[in-house]
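One letter stands for each residue in the lines below.
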Amino acid sequence: MNYFHYVENELWCEEVPVTNIAEEVGTPFYLYSHRTLDRHFNVFDEAFADVPHIICFSSKANSNIAILRVIIKKGGGMDIVSGGELYRALLAGVDPKKVVYSGVGKREDEIRFAIENEILMFNVESSQELEIINFCAGKMNKRARISLRVNPDVDSKTHSYISTGLKENKFGINIHNAFDEYHQAKKLEHIDIIGIDCHIGSQITKVSPFLDALGRLTNLINLLREDDIDIQYLDLGGGLGITYDEENPPHPTEYAEAIISRAKGINCTFIFEPGRVIMGNAGILVSRVLYTKSNADKNFIIVDAGMNDLIRPSLYNSYHQIQAVIQKERGLFSADVVGPICESGDFLAKNRVVPRFERGDLLAVMSAGAYSFSMSSNYNSRPRVAEVLVKDDQYYVIKRRETYEDIVRGEDIPGFLQE
Ligand code: LLP
């Protein structure tokens, strides 16, 4: 459920008409609903109320510091994958004791930054990484808390680009080697083993892959405990899917009940790293129709947002609903909704039945709160768009639209080229 809704024939976000924001902020822009975000966090949090848990929002899904701040104020922590994400999380006021750090390619400077800030734990993805964390902690006269990110080899049945828990994926430590790795870790002087972790993929629409992974992890926890390696935190990653089109993913309550019952007696604090399920349907992308045209037997709606603003359709062939901001009685037709980028792969929707849009109309690309602005770029030297947060009857620009100066910031013409 979200708070983008029609009042008569006009799309509103909470108590604000989308058209008003478009007129004042210009297009395109991302629009987030605070009430929706708040609700999604609460639903997830309450689903796990009966067990000790920390919700570490996956900040790669939406890394705007205002969004992170909302989650932090609600008691959430952060799942980070880079020094940049740690920087953002700290700026937003995160409690470092609620930060978990995943990723196969952590650099030494990033590791030191995280140790310095005493994050809860590193989710370690290789034996070399473990050595380096130990080395850095030693040099800094500190200890580093870790879990091993185990690759449980389960098929999450999602798009191959966003599946991470199969043994052929680059992520984690093969479950068959994990036991030995823990023993290696135990020997390291500056390492405290506190947890176990896995993340099997994203946009998962069934409970069973999570339960398979959980079963494998709990077996391992029991084996480790017999060997005096005490696992206090069980991090199940993120991955719960949402409805973009007609998917029917489990409700967070169903997901939680299944997990809690499968993990009965395990006596760990759970960590979850949800991203999409919290933010995906809490945001939309608002764009204006620049032109329409027909070639041979195809209709094109050319809008002012492109693949640099929202790459998911081009990259994964993802479906995002397209809605008119003001519904008019013009009927429907089949068209491609495309952006201004010079690539045929620049589309927001293909062969889609949509309202007969005309030049000047506003349209909303739905479910664009996660992996949307955070994956945007300046390709074709397009300034990145504004981000706006609505709360009740007010809206706030939480990232101003970039200027041309912004897009060349840091570039330099060397002296020998200056005459
Ligand atoms: N934890 C880790 C270690 C992750 O790698 C991810 C996502 C998450 C948590 C959050 O997963 P979520 O709950 O959002 O499914 N760009 C793709 C999604 C890539 C996901 C990468 N990892 C997309 O637009 O669909």
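What comes next is a walk through the structure. Small disclaimer: the values here were computed from a predicted structure and weren't measured. (Residues numbered from 1 in each chain as written. Predicted model: local features only at pLDDT ≥ 70, side-chain atom pairs only at ≥ 80, totals over all residues. Heavy atoms only, no water.)

So, about the site of the ligand. Among the 19 residues in the neighbourhood of the ligand, the closest are listed as Ser202, Glu273, Arg312, Tyr316 and Tyr371. Here an oxygen atom of the ligand and a side-chain polar atom of tyrosine 371 are 2.6 Å apart. Expressed as a share of its isolated accessible area of 590 Å², the protein-covered part of the ligand is 92%. The residues that make up the shell around the ligand include at least three from each of domain 1 (4-32 + 280-408) and domain 2 (34-278). (Near = heavy atom within 4 Å. Polar contact = N/O pair within 3.5 Å; in protein donor to acceptor, adjacent residues only side chain to side chain. Areas by Shrake-Rupley, 256 points an atom, 1.4 Å probe, with all protein chains shown as cover. Domains from an automatic or database assignment.)

Quick look at the side chain of glutamate 85 now. One can find glutamate 85 in helix α4 (residues 83-91). We note that glutamate 85 is buried and unpaired, the nearest opposite charge coming from lysine 60 at a distance of 5.5 Å. A polar side-chain atom of glutamate 85 sits 3.3 Å from the main-chain amide nitrogen of lysine 60. In this structure glutamate 85 touches Ser59, Lys60, Asp79 and Ile80, once residues within four positions along its chain are discounted. (Helix = DSSP H or I, 4+ residues; strand = E, 2+ residues; numbered from the N terminus. Buried < 20%, exposed > 50% of the residue type's maximum accessible area, 1.4 Å probe, protein only. Lys, Arg positive; Asp, Glu negative; His and termini not counted. Salt bridge = Lys/Arg side-chain N within 4 Å of Asp/Glu carboxyl O. Contact = heavy atoms within 4.5 Å.)

Helix length check: helix α2 (residues 34-47) (14 residues) gives 20 Å between terminal C-alpha atoms against 20 Å at 1.5 Å per residue, within 8%. Looking at α2, one finds that the buried residues are His34, Thr36, Leu37, His40, Phe41, Val43, Phe44 and Ala47. (Expected span 1.5 Å × (residues − 1).)

Next up on the list: the nonpolar core. Counting residues in each nonpolar core, the largest one holds 105 residues, and the members touching the most others are Phe48, Met78, Phe122 and Ile146. If you tally residues by element for this core, the top one is helix α8 (residues 208-226), at eight residues. Both domains that meet at this core, namely domain 1 (4-32 + 280-408) and domain 2 (34-278), each give it at least three residues. Among all residues touching methionine 78, those that are not within four sequence positions of it are Cys56, Phe57, Ser59, Leu68, Ile71, Ile72, Ala89, Val94, Lys98, Val99 and Val100. In terms of nonpolar packing, the next biggest core, distinct from the first, is built from 19 residues, Phe4, Ala22, Val25 and Phe29 among them. (Core = buried A, V, L, I, M, F, W, Y, C linked by side-chain atoms within 4.5 Å.)

Applying the stated criterion to the full structure yields eleven aromatic pairs. With centroids separated by 6.4 Å and ring planes inclined at 15 degrees, the aromatic side chains of tyrosine 30 and tyrosine 32 adopt a geometry described as stacked. Taking relative accessible area as the criterion, tyrosine 30 reaches 0% and is therefore assigned buried. When its relative accessible area of 1% is taken as the criterion, tyrosine 32 is described as buried. (Phe/Tyr/Trp six-rings, centres within 6.5 Å; stacked < 30°, edge-to-face > 60°.)

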